[in-house]
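This is what each chain is made of:
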2 protein chains.
Amino acid sequence: MQYFEDTVIGARRELGSYTFTAERIKAFAGKFDPQPFHLDEEAGRKSLFGGLAASGWHTAAAWMRTAIDCRESEIAAAQARGADIAIGGPSPGFRNLKWPKPVLAGDTITYFTEVKAKRLSVSRPEWGLIFVLNTGVNQTGALVFSFDGSAFVPRRPTGE
Amino acid sequence: MQYFEDTVIGARRELGSYTFTAERIKAFAGKFDPQPFHLDEEAGRKSLFGGLAASGWHTAAAWMRTAIDCRESEIAAAQARGADIAIGGPSPGFRNLKWPKPVLAGDTITYFTEVKAKRLSVSRPEWGLIFVLNTGVNQTGALVFSFDGSAFVPRRPTGE
(Lines give C-alpha, C1' and ligand atoms only; values in the text may rest on other atoms or scores of the structure.)
Protein backbone atom coordinates (compact mmCIF):
# COMPACT_ATOMS: atom_id res chain seq x y z
CA MET A 1 0.00 0.00 0.00
CA GLN A 2 1.17 3.52 -0.73
CA TYR A 3 1.49 6.34 1.75
CA PHE A 4 -1.18 9.03 1.59
CA GLU A 5 1.26 11.49 -0.01
CA ASP A 6 2.04 9.05 -2.86
CA THR A 7 -1.58 8.16 -3.66
CA VAL A 8 -2.58 9.66 -7.01
CA ILE A 9 -6.20 10.60 -7.72
CA GLY A 10 -7.31 8.86 -10.91
CA ALA A 11 -4.84 5.98 -10.57
CA ARG A 12 -6.53 2.67 -11.47
CA ARG A 13 -5.08 -0.70 -10.57
CA GLU A 14 -6.04 -4.22 -11.59
CA LEU A 15 -6.35 -6.37 -8.48
CA GLY A 16 -6.71 -9.75 -10.16
CA SER A 17 -9.27 -12.15 -11.60
CA TYR A 18 -11.55 -14.89 -10.28
CA THR A 19 -13.34 -17.54 -12.34
CA PHE A 20 -16.85 -18.44 -11.21
CA THR A 21 -17.01 -22.15 -11.97
CA ALA A 22 -20.34 -23.92 -11.49
CA GLU A 23 -18.74 -25.81 -8.60
CA ARG A 24 -17.68 -22.61 -6.80
CA ILE A 25 -21.06 -20.94 -7.41
CA LYS A 26 -22.96 -23.89 -5.95
CA ALA A 27 -20.60 -24.33 -2.98
CA PHE A 28 -20.97 -20.67 -1.95
CA ALA A 29 -24.74 -20.63 -2.51
CA GLY A 30 -25.23 -23.87 -0.59
CA LYS A 31 -23.75 -22.22 2.49
CA PHE A 32 -24.96 -18.62 2.18
CA ASP A 33 -27.54 -18.04 -0.56
CA PRO A 34 -29.51 -21.22 -1.28
CA GLN A 35 -31.81 -19.91 -4.01
CA PRO A 36 -32.58 -22.24 -6.94
CA PHE A 37 -30.92 -20.06 -9.62
CA HIS A 38 -27.66 -20.15 -7.61
CA LEU A 39 -27.76 -23.93 -7.11
CA ASP A 40 -29.07 -25.54 -10.27
CA GLU A 41 -28.32 -24.92 -13.98
CA GLU A 42 -31.88 -25.61 -15.13
CA ALA A 43 -33.41 -23.30 -12.51
CA GLY A 44 -30.86 -20.65 -13.53
CA ARG A 45 -31.80 -20.92 -17.22
CA LYS A 46 -35.48 -20.45 -16.38
CA SER A 47 -34.74 -17.43 -14.13
CA LEU A 48 -34.28 -13.82 -15.20
CA PHE A 49 -30.52 -14.43 -14.98
CA GLY A 50 -30.64 -16.86 -17.91
CA GLY A 51 -28.14 -19.30 -16.42
CA LEU A 52 -26.56 -20.60 -13.23
CA ALA A 53 -25.78 -17.30 -11.49
CA ALA A 54 -23.36 -16.48 -8.69
CA SER A 55 -24.71 -14.99 -5.48
CA GLY A 56 -23.99 -11.27 -5.33
CA TRP A 57 -22.21 -11.86 -2.02
CA HIS A 58 -19.96 -14.39 -3.75
CA THR A 59 -19.00 -11.70 -6.29
CA ALA A 60 -18.23 -9.37 -3.37
CA ALA A 61 -16.21 -11.99 -1.46
CA ALA A 62 -14.15 -12.74 -4.58
CA TRP A 63 -13.31 -9.03 -4.81
CA MET A 64 -11.92 -9.26 -1.27
CA ARG A 65 -9.84 -12.28 -2.22
CA THR A 66 -8.23 -10.52 -5.19
CA ALA A 67 -7.62 -7.39 -3.07
CA ILE A 68 -5.83 -9.42 -0.38
CA ASP A 69 -3.78 -11.42 -2.91
CA CYS A 70 -2.77 -8.21 -4.67
CA ARG A 71 -1.68 -6.61 -1.39
CA GLU A 72 0.33 -9.70 -0.40
CA SER A 73 2.14 -9.58 -3.74
CA GLU A 74 2.92 -5.90 -3.28
CA ILE A 75 4.28 -6.46 0.21
CA ALA A 76 6.45 -9.35 -1.00
CA ALA A 77 7.77 -7.25 -3.90
CA ALA A 78 8.53 -4.30 -1.59
CA GLN A 79 10.34 -6.56 0.86
CA ALA A 80 12.35 -8.11 -1.98
CA ARG A 81 13.67 -4.69 -2.96
CA GLY A 82 14.10 -3.53 0.65
CA ALA A 83 11.50 -0.79 0.25
CA ASP A 84 9.41 0.83 2.97
CA ILE A 85 5.88 -0.63 3.36
CA ALA A 86 2.79 1.37 4.30
CA ILE A 87 0.24 -0.70 6.24
CA GLY A 88 -3.33 0.47 5.74
CA GLY A 89 -5.82 1.08 8.51
CA PRO A 90 -9.42 -0.05 8.89
CA SER A 91 -12.18 0.79 6.44
CA PRO A 92 -15.05 2.90 7.81
CA GLY A 93 -17.46 1.02 5.54
CA PHE A 94 -18.71 0.84 1.99
CA ARG A 95 -21.38 2.55 -0.05
CA ASN A 96 -23.46 1.87 -3.12
CA LEU A 97 -22.89 -1.83 -3.58
CA LYS A 98 -24.28 -2.70 -7.03
CA TRP A 99 -24.58 -5.78 -9.18
CA PRO A 100 -25.60 -4.30 -12.58
CA LYS A 101 -25.38 -7.62 -14.48
CA PRO A 102 -25.43 -11.27 -13.42
CA VAL A 103 -22.26 -13.34 -13.06
CA LEU A 104 -22.86 -16.70 -14.73
CA ALA A 105 -21.07 -20.04 -14.49
CA GLY A 106 -17.83 -19.90 -16.48
CA ASP A 107 -17.45 -16.10 -16.22
CA THR A 108 -14.07 -14.69 -15.23
CA ILE A 109 -14.34 -11.39 -13.39
CA THR A 110 -11.41 -8.99 -13.26
CA TYR A 111 -11.47 -6.55 -10.37
CA PHE A 112 -10.12 -2.99 -10.38
CA THR A 113 -9.73 -0.22 -7.84
CA GLU A 114 -9.53 3.47 -8.76
CA VAL A 115 -8.69 6.37 -6.45
CA LYS A 116 -11.42 9.01 -6.73
CA ALA A 117 -10.53 11.42 -3.91
CA LYS A 118 -8.30 11.84 -0.85
CA ARG A 119 -8.19 14.06 2.20
CA LEU A 120 -6.42 14.31 5.53
CA SER A 121 -8.12 12.72 8.52
CA VAL A 122 -9.55 15.27 10.95
CA SER A 123 -9.52 12.94 13.95
CA ARG A 124 -6.24 11.12 13.28
CA PRO A 125 -3.41 13.40 12.14
CA GLU A 126 -1.10 10.50 11.26
CA TRP A 127 -3.63 9.18 8.73
CA GLY A 128 -5.24 10.26 5.50
CA LEU A 129 -8.46 8.95 3.96
CA ILE A 130 -8.71 7.72 0.40
CA PHE A 131 -11.95 7.16 -1.48
CA VAL A 132 -11.98 4.51 -4.17
CA LEU A 133 -14.33 3.05 -6.75
CA ASN A 134 -14.04 -0.74 -6.86
CA THR A 135 -15.35 -2.55 -9.92
CA GLY A 136 -15.62 -6.02 -11.42
CA VAL A 137 -15.75 -6.54 -15.19
CA ASN A 138 -16.49 -9.80 -17.00
CA GLN A 139 -14.61 -11.32 -19.95
CA THR A 140 -16.74 -9.34 -22.44
CA GLY A 141 -15.93 -6.04 -20.71
CA ALA A 142 -19.34 -5.65 -19.04
CA LEU A 143 -19.51 -4.13 -15.56
CA VAL A 144 -20.99 -6.69 -13.12
CA PHE A 145 -20.03 -5.28 -9.71
CA SER A 146 -19.16 -1.96 -8.12
CA PHE A 147 -19.00 -0.20 -4.80
CA ASP A 148 -17.51 2.93 -3.27
CA GLY A 149 -14.89 2.21 -0.64
CA SER A 150 -12.87 4.33 1.72
CA ALA A 151 -9.88 3.51 3.86
CA PHE A 152 -7.44 5.05 6.28
CA VAL A 153 -3.95 5.31 4.76
CA PRO A 154 -0.85 6.23 6.79
CA ARG A 155 0.89 9.55 6.10
CA ARG A 156 4.55 9.33 5.24
CA PRO A 157 6.56 9.61 8.47
CA THR A 158 8.09 13.09 8.81
CA GLY A 159 11.84 13.47 8.44
CA GLU A 160 12.07 11.15 5.41
CA MET B 1 -43.11 -11.74 1.41
CA GLN B 2 -45.94 -9.26 1.81
CA TYR B 3 -47.60 -7.27 -0.92
CA PHE B 4 -46.66 -3.60 -1.14
CA GLU B 5 -50.05 -2.56 0.27
CA ASP B 6 -49.57 -4.73 3.38
CA THR B 7 -46.03 -3.57 4.17
CA VAL B 8 -46.02 -1.43 7.30
CA ILE B 9 -43.40 1.30 7.80
CA GLY B 10 -41.64 0.71 11.12
CA ALA B 11 -42.30 -3.05 11.17
CA ARG B 12 -39.19 -4.92 12.35
CA ARG B 13 -38.67 -8.63 11.84
CA GLU B 14 -36.10 -11.05 13.21
CA LEU B 15 -34.66 -13.06 10.31
CA GLY B 16 -32.68 -15.59 12.34
CA SER B 17 -29.29 -16.19 13.92
CA TYR B 18 -25.90 -17.50 12.82
CA THR B 19 -23.07 -18.64 15.10
CA PHE B 20 -19.56 -17.75 13.97
CA THR B 21 -17.56 -20.76 15.12
CA ALA B 22 -13.77 -20.61 14.72
CA GLU B 23 -14.11 -23.35 12.10
CA ARG B 24 -16.59 -21.34 10.01
CA ILE B 25 -14.55 -18.13 10.34
CA LYS B 26 -11.37 -19.85 9.15
CA ALA B 27 -13.09 -21.74 6.32
CA PHE B 28 -14.61 -18.55 4.88
CA ALA B 29 -11.41 -16.53 5.33
CA GLY B 30 -9.28 -19.25 3.76
CA LYS B 31 -11.33 -18.94 0.57
CA PHE B 32 -12.10 -15.21 0.46
CA ASP B 33 -10.25 -13.10 3.03
CA PRO B 34 -6.95 -14.74 4.04
CA GLN B 35 -5.72 -12.15 6.53
CA PRO B 36 -3.95 -13.46 9.67
CA PHE B 37 -6.57 -12.15 12.16
CA HIS B 38 -9.29 -14.10 10.25
CA LEU B 39 -7.25 -17.33 10.15
CA ASP B 40 -5.41 -17.69 13.44
CA GLU B 41 -6.46 -17.16 17.08
CA GLU B 42 -3.09 -15.82 18.20
CA ALA B 43 -2.87 -13.35 15.30
CA GLY B 44 -6.44 -12.28 16.11
CA ARG B 45 -5.60 -11.64 19.78
CA LYS B 46 -2.66 -9.46 18.79
CA SER B 47 -4.75 -7.49 16.25
CA LEU B 48 -7.01 -4.52 16.94
CA PHE B 49 -9.95 -6.97 16.89
CA GLY B 50 -8.69 -8.67 20.07
CA GLY B 51 -9.55 -12.19 18.92
CA LEU B 52 -10.15 -14.44 15.93
CA ALA B 53 -12.45 -12.19 13.87
CA ALA B 54 -14.88 -13.03 11.06
CA SER B 55 -14.38 -11.41 7.67
CA GLY B 56 -16.89 -8.61 7.16
CA TRP B 57 -18.03 -10.36 3.99
CA HIS B 58 -18.74 -13.49 6.04
CA THR B 59 -21.00 -11.40 8.31
CA ALA B 60 -22.76 -10.11 5.18
CA ALA B 61 -23.10 -13.59 3.62
CA ALA B 62 -24.58 -14.93 6.87
CA TRP B 63 -27.21 -12.16 6.72
CA MET B 64 -28.19 -13.45 3.27
CA ARG B 65 -28.48 -16.99 4.61
CA THR B 66 -30.85 -15.99 7.42
CA ALA B 67 -32.89 -13.86 4.99
CA ILE B 68 -33.33 -16.78 2.59
CA ASP B 69 -34.13 -19.27 5.37
CA CYS B 70 -36.70 -16.84 6.81
CA ARG B 71 -38.35 -16.38 3.41
CA GLU B 72 -38.49 -20.15 2.82
CA SER B 73 -40.19 -20.60 6.21
CA GLU B 74 -42.73 -17.88 5.40
CA ILE B 75 -43.53 -19.44 2.01
CA ALA B 76 -43.97 -22.89 3.59
CA ALA B 77 -46.24 -21.45 6.30
CA ALA B 78 -48.33 -19.54 3.73
CA GLN B 79 -48.67 -22.66 1.56
CA ALA B 80 -49.69 -24.71 4.61
CA ARG B 81 -52.60 -22.36 5.31
CA GLY B 82 -53.47 -21.96 1.62
CA ALA B 83 -52.64 -18.26 1.62
CA ASP B 84 -51.58 -16.13 -1.32
CA ILE B 85 -47.80 -15.62 -1.67
CA ALA B 86 -46.14 -12.46 -2.95
CA ILE B 87 -42.83 -13.12 -4.72
CA GLY B 88 -40.36 -10.27 -4.46
CA GLY B 89 -38.44 -8.77 -7.35
CA PRO B 90 -34.78 -7.93 -7.72
CA SER B 91 -32.90 -5.55 -5.46
CA PRO B 92 -31.47 -2.43 -7.12
CA GLY B 93 -28.50 -2.57 -4.73
CA PHE B 94 -27.40 -1.73 -1.22
CA ARG B 95 -26.02 1.31 0.54
CA ASN B 96 -23.97 2.13 3.60
CA LEU B 97 -22.60 -1.28 4.48
CA LYS B 98 -21.06 -0.96 7.94
CA TRP B 99 -19.27 -3.21 10.41
CA PRO B 100 -19.25 -1.07 13.58
CA LYS B 101 -17.80 -3.82 15.83
CA PRO B 102 -15.87 -7.02 15.16
CA VAL B 103 -17.55 -10.43 15.11
CA LEU B 104 -15.36 -12.82 17.11
CA ALA B 105 -15.21 -16.62 17.28
CA GLY B 106 -18.13 -17.92 19.34
CA ASP B 107 -20.37 -14.90 18.69
CA THR B 108 -23.97 -15.51 17.65
CA ILE B 109 -25.35 -12.75 15.46
CA THR B 110 -29.09 -12.22 15.18
CA TYR B 111 -30.21 -10.40 12.05
CA PHE B 112 -33.18 -8.04 11.73
CA THR B 113 -34.87 -6.14 8.94
CA GLU B 114 -36.93 -2.99 9.48
CA VAL B 115 -39.07 -1.19 6.90
CA LYS B 116 -38.07 2.49 6.81
CA ALA B 117 -39.98 3.79 3.77
CA LYS B 118 -42.05 2.69 0.77
CA ARG B 119 -43.18 4.21 -2.49
CA LEU B 120 -44.76 3.17 -5.77
CA SER B 121 -42.41 2.36 -8.64
CA VAL B 122 -42.44 4.98 -11.38
CA SER B 123 -41.18 2.66 -14.12
CA ARG B 124 -43.09 -0.51 -13.15
CA PRO B 125 -46.72 0.15 -12.17
CA GLU B 126 -47.25 -3.41 -10.90
CA TRP B 127 -44.46 -2.98 -8.33
CA GLY B 128 -43.69 -0.89 -5.29
CA LEU B 129 -40.30 -0.21 -3.72
CA ILE B 130 -39.57 -0.76 -0.06
CA PHE B 131 -36.53 0.62 1.77
CA VAL B 132 -35.23 -1.35 4.73
CA LEU B 133 -32.52 -1.13 7.37
CA ASN B 134 -30.86 -4.51 7.88
CA THR B 135 -28.91 -5.07 11.07
CA GLY B 136 -26.94 -7.74 12.92
CA VAL B 137 -26.67 -7.72 16.71
CA ASN B 138 -24.41 -9.93 18.85
CA GLN B 139 -25.35 -11.87 22.00
CA THR B 140 -24.61 -8.82 24.20
CA GLY B 141 -26.93 -6.60 22.15
CA ALA B 142 -24.14 -4.72 20.33
CA LEU B 143 -24.67 -3.71 16.71
CA VAL B 144 -22.03 -5.40 14.53
CA PHE B 145 -23.48 -5.04 11.01
CA SER B 146 -25.87 -2.80 9.12
CA PHE B 147 -26.81 -1.74 5.63
CA ASP B 148 -29.63 0.01 3.84
CA GLY B 149 -31.46 -2.18 1.38
CA SER B 150 -34.21 -1.68 -1.14
CA ALA B 151 -36.32 -4.12 -3.08
CA PHE B 152 -39.13 -4.30 -5.57
CA VAL B 153 -42.29 -5.69 -3.98
CA PRO B 154 -45.38 -6.68 -5.99
CA ARG B 155 -48.58 -4.69 -5.61
CA ARG B 156 -51.67 -6.62 -4.61
CA PRO B 157 -53.47 -7.74 -7.77
CA THR B 158 -56.55 -5.60 -8.41
CA GLY B 159 -59.98 -7.15 -7.92
CA GLU B 160 -59.05 -8.87 -4.65
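Position labels on residues start from 1 in each chain and follow its written sequence. Both sets of labels track the order of writing: A upward for chains, 1 upward for ligands. Local features in this predicted model are restricted to residues of pLDDT 70 or higher, and side-chain atom pairs are both shown and tallied only at a pLDDT of 80 or more, whereas totals for entire chains, interfaces and linings draw on every residue. Think of the side-chain values as coming from all heavy atoms in the structure, minus any hydrogens and water.

Draft legend 1. Structural view of the overall build of chain A. In terms of helices and strands, chain A carries 4 helices and 5 strands. Principal-axis analysis of the C-alpha atoms places the extent of chain A at approximately 65 × 35 × 30 Å. Contacts are residue-level and defined by heavy atoms, with any inter-residue pair within 4.5 Å sufficient. For chain A, the share of sequence-separated contacts (at least 6 apart) that also reach a separation of at least 24 residues comes to 69%. Surface accessibility follows the Shrake-Rupley procedure with a 1.4 Å probe radius. Residue values consider only the protein chains on display as shielding. Of the accessible surface of chain A, which amounts to about 8000 Å², a share of 55% is contributed by carbon and sulfur atoms. Counted charges follow a simple rule, with Lys and Arg positive, Asp and Glu negative, and His plus the chain ends left uncounted. By convention, the point assigned to a charge is CZ for Arg, NZ for Lys, CD for Glu and CG for Asp. Once the 19 positive and 17 negative side-chain charges of chain A are each reduced to a mean point, those two points are 4 Å apart. Counting from the N terminus, the helices are DSSP H or I runs at least four residues long and the strands are E runs at least two residues long.

Draft legend 2. Broad picture of the nonpolar core. Put simply, a nonpolar core is a bunch of buried Ala, Val, Leu, Ile, Met, Phe, Trp, Tyr and Cys residues held in one set by side-chain atoms that sit within 4.5 Å of each other. Accessibility here uses a 1.4 Å probe with only protein chains present; expressed as a share of the type maximum, an area under 20% marks a residue as buried, one over 50% as exposed, and anything in between as partly exposed. One finds A:Trp57 and B:Trp57 to be the most contacted residues of the largest nonpolar core, which totals 50 residues. Once you skip the residues sitting within four places of it in the chain, B:Trp57 turns out to touch A:Trp57, A:Ala60, A:Trp63, A:Met64, A:Phe94, A:Leu97, A:Phe147, B:Phe28, B:Asp33, B:Leu97 and B:Trp99.

Draft legend 3. Just the relation of the copies chain A and chain B, in detail. The transform that puts chain A on chain B rotates by 180 degrees and translates by 0.0 Å along the axis, for an RMSD of 0.0 Å. Those values place the two copies in the arrangement expected of a two-fold rotation axis. Looking at the rotation axis and the C-alpha trace of chain A, the residue lying nearest is A:Arg95, at 2.4 Å. A share of 96% of the interface residues of chain A reappears at the interface of chain B, consistent with the copies meeting face to face through the same patch. Here the copies are matched by least squares. The fit uses the C-alpha atoms of residues with pLDDT of at least 70 in both.

Draft legend 4. View of the environment of A:Thr21. Its place among the elements puts A:Thr21 in the loop between β1 (12-19) and α1 (22-32). When the C-alpha atoms of A:Thr21 and A:Ala105 are compared, they prove to be 5.2 Å apart, with 84 residues separating the residues in sequence.

Draft legend 5. Main features of unusual backbone geometry. All names here are of chain A. In this structure, Asn-96 takes a positive phi of about 60 degrees despite not being glycine. Looking at the secondary structure, you find Asn-96 in strand β2 (residues 94-98). Residue Asn-96 is classed as buried on the basis of its relative accessible area of 18%.

Draft legend 6. Highlighting α1(A). Where α1(A) is concerned, the buried positions are A:Ile25, A:Phe28, A:Ala29 and A:Phe32. Looking down the long axis of α1(A), one finds its buried residues gathered within 95 degrees of arc, a one-sided arrangement. Of the surrounding elements, those touching the buried residues of α1(A) are α2 (36-39) and α4 (56-80) of chain A together with β1 (12-19), α1 (22-32) and α4 (56-80) of chain B. The reported arc concerns the directions from the helix axis to the C-beta atoms and nothing else.

Draft legend 7. Inspection of the interface of chain A and chain B at higher detail. Listed as interface residues are 27 residues of chain A and, on the opposing side, 27 residues of chain B. With both sides pooled, the region where chain A packs onto chain B buries about 2400 Å², and carbon together with sulfur makes up 64% of that total. Its largest share of buried area at the contact with chain B, chain A owes to A:Phe32, A:Trp57 and A:Phe94, together 30% of the area lost on that side. The salt bridge criterion pairs a side-chain nitrogen of Lys or Arg with a carboxyl oxygen of Asp or Glu, the two atoms within 4 Å. Where chain A packs against chain B, one counts 0 salt bridges. Pairs of N or O atoms within 3.5 Å make up the polar contacts considered here, provided that, within protein, one atom can donate a hydrogen while the other can accept it, and that residues adjacent in sequence are counted only when both atoms are side-chain atoms. Counting across the interface, chain A meets chain B through 14 residue pairs in polar contact (both at pLDDT 80 or more). Looking at the side of chain A that touches chain B, the elements with two or more residues in it are α1, α4 and β2 of chain A. Per element, the largest residue contribution to the side of chain A that touches chain B is 11 residues, and it comes from α4(A). By residue class, the composition of the side of chain A that touches chain B is 16 nonpolar, 5 polar and 6 charged. Each of two parts loses accessible area, computed with a 1.4 Å probe, when they are put together; buried area is these two losses added. Residues are grouped as follows: Ala, Val, Leu, Ile, Met, Phe, Trp, Tyr, Cys and Pro are nonpolar; Asp, Glu, Lys and Arg are charged; every other residue, Gly included, is polar.

Draft legend 8. The arrangement of the sheet that holds strand β5 (residues 143-154) of chain B in detail. Read from one edge to the other, the open sheet built from 10 strands follows the order β1(A)-β3(A)-β4(A)-β5(A)-β2(A)-β2(B)-β5(B)-β4(B)-β3(B)-β1(B), with strand pairing classed as antiparallel. Of all strands in the sheet, those with a lone pairing partner are β1 of chain A together with β1 of chain B, marking the two edges. Ignoring strand direction, the axes of neighbouring strands in this sheet form an average angle of 25 degrees. Any two strands with at least two DSSP-identified bridges between them are counted as paired. As defined by bridge partners, β2(A) adjoins strand β5 (residues 143-154) of chain A across 3 bridges and the pair is classed as antiparallel. Paired with A:Phe94 across the bridge in β5(A) is A:Gly149. Lying on the sheet, α4(B) is in contact with β2 and β5 of chain A together with β1, β2 (94-98), β3 (108-120), β4 (127-137) and β5 of chain B; it crosses β1(B) at an angle near 120 degrees. Lines are fitted to the C-alpha atoms to define the axes, a helix being fitted only along its stretch in contact, and any angle between axes, read from their N-to-C directions, falls within 0 to 180 degrees.

Draft legend 9. Local environment of the pattern of salt bridges. Residue and element names in this part refer to chain A. A full pass over the atoms with the stated rule returns 16 salt bridges over all chains. Here Arg-156 and Asp-6 are joined by a salt bridge, their closest N and O atoms 2.3 Å apart. Remark: Asp-6 occurs in the segment before β1 and Arg-156 occurs in the segment after β5; sequence separation between them is 150 residues. Accessibility expressed as a relative area gives 31% for Asp-6, which makes it partly exposed. Linked through salt bridges whose partners overlap, the residues forming this network are Glu-42, Arg-45 and Lys-46.

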